[in-house]
Amino acid sequence: MSIVKIGVIGIGNMGSSHVQMLSEGQIKGAQLTAVCSSNDSRIDWVMNHTKGDVRVFKDVESFFNETAIDAVLIATPHYSHPELAIKAFAKGKHVMIEKPAGVYTKNVLEMNAAALKSGKVFSIMYNQRANPLYQKVRELIQTDQLGEIKRTNWIVTDSYRPQSYYDSSKWRATWKGEGGGVLLNQALHQLDLWQWTTGYMPKRIRAITSLGKYHDIEVEDDVTAYVEYENGATGVFIASTGEAPGTNRFEIVGDRGKIVIENEELIFYQLSESEREFNTSYTGGFGQPPCEKIKIPVKCDNGNHAAIVQNWIDAILNGSPLLSPGEDGVKALEFSNGIYLSSWLNETVDLPVDADLYYEKLQEKIHSSTFKKKHVTNTILDVSGTH
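Residues numbered from 1 in each chain as written. Predicted model: local features only at pLDDT ≥ 70, side-chain atom pairs only at ≥ 80, totals over all residues. Heavy atoms only, no water.

Caption draft 1: Molecular detail of the sheet that holds strand β2 (residues 30-36). Reading across the sheet, the 6 strands line up as β3-β2-β1-β4-β5-β6 and stay open at both edges, with parallel pairing between neighbours. Each edge of the open sheet is held by one strand with a lone partner, namely β3 (55-57) and β6 (122-124). With direction set aside, neighbouring strand axes in the sheet form an average angle of 20 degrees. Two elements, β2 and β3, share 3 bridges in a ladder whose sense is parallel. By the bridge assignment for β3, Cys36 is matched with Phe57. Contacts from helix α4 (residues 80-90) reach β1 (4-9), β4 (71-74), β5 (94-97) and β6 within the one sheet, and its direction differs from that of β5 by about 165 degrees. (Pairing = 2+ DSSP bridges. Helix = DSSP H or I, 4+ residues; strand = E, 2+ residues; numbered from the N terminus. Axes fitted to C-alpha atoms, helices over the stretch in contact; angles between N-to-C directions. Contact = heavy atoms within 4.5 Å.)

Written out as structure tokens, the structure reads:
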């Protein structure tokens, strides 16, 4: 294979971006071959904004059965990601999904099993993994320059959303339509980076989620979570779409210093010796290990969706290692499901979450909902995409 023929399902904000990226030849070794959307206006958009012979389909079955595509890029609403990916694997297609991997771990784990069985290349759009800023953070930690991690703290409240954002669609910010709020839509990249940069997943979570605290919505728009790790380290994660101006500050404290990422800057407060060793050997009463403040010059790049798609294509054509394996999608979802479950039960929960219990509680949320939005500007729900 010298060229990968790509089909895109879902032509919402992100799906449209992927279609343009592929149509304009930004991805080497890839060719946009087909798209699928049940929304007539989005189909018209595709026909007016693509080059070459791109086939257009309104239903998924025809899309899979009547095209010669090699790979599928899925950018549909959250709930449909695992179902469509499993169908694609069964058809022998390579798959990339938009985040999140799904809404609950139960069917995401089934998707991962289908991917493994198929032997196809599976990736997820965690584009921040291609950001040099977070790659450098990961390098500092993985090469043990920070030492053993003692504490993590991430405040991510810079994704402010006005009410009009939530009113743009009937399904947005509902348990039935999206399966969650700020945790699944705005802060999922940070949940992924939290574990990807540090290499740590917590063993238990205690959390509070506030439903519609700042908006007329039924899901959470404000979250505070406390986590504990196997080595005794602790962490706090705070996310909100109701604060302006917001903050995006990530701190990781280790045995040999502290890393702070804020305002797209990376600062490493590097200790001259291990804090644990200093603690046991120092005899001067008051004191602390000498510390050097190092500002590490790294270019922050948030517009790196193309890098993840290119990496996926390179993996298909050349066997290159994936930067964002699709199977990793379950990790951030474990975080979010654990946070939700802890809040719903009002108790500490262990990770990995009880997948059946989480699914049961989510269904209760969906079926007991009587929430009605006061103002909705668009009520279309199809495979057009959600982002």
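Caption draft 2: Structural view of helix α13 (residues 355-368). Compared with the 20 Å implied by 1.5 Å per residue over 14 residues, the 20 Å span of α13 between its first and last C-alpha is a close match. Turning to α13, its buried residues are Ala355, Tyr358, Leu362, Gln363 and Ile366. Around the axis of α13, the buried residues are gathered within 135 degrees of arc, so they sit on the same side. Residues of α13 that are exposed and angled more than 90 degrees away from the buried face: His367 and Ser368. Looking at the buried residues of α13, the elements they touch are α5 (105-118) and α12 (329-345). (Expected span 1.5 Å × (residues − 1). Buried < 20%, exposed > 50% of the residue type's maximum accessible area, 1.4 Å probe, protein only. Arc of directions from axis to C-beta.)

Caption draft 3: Broad picture of the environment of Ile6. Within the secondary structure layout, Ile6 lies in strand β1. Taking C-alpha positions, Ile6 is 6.2 Å from Asp70, a pair spaced 64 residues apart along the chain. Excluding residues that lie within four positions of it along the chain, Ile6 makes contacts with Leu22, Ala30, Gln31, Leu32, Thr33, Ala34, Ile69, Ala71, Leu73, Trp312 and Ile313.

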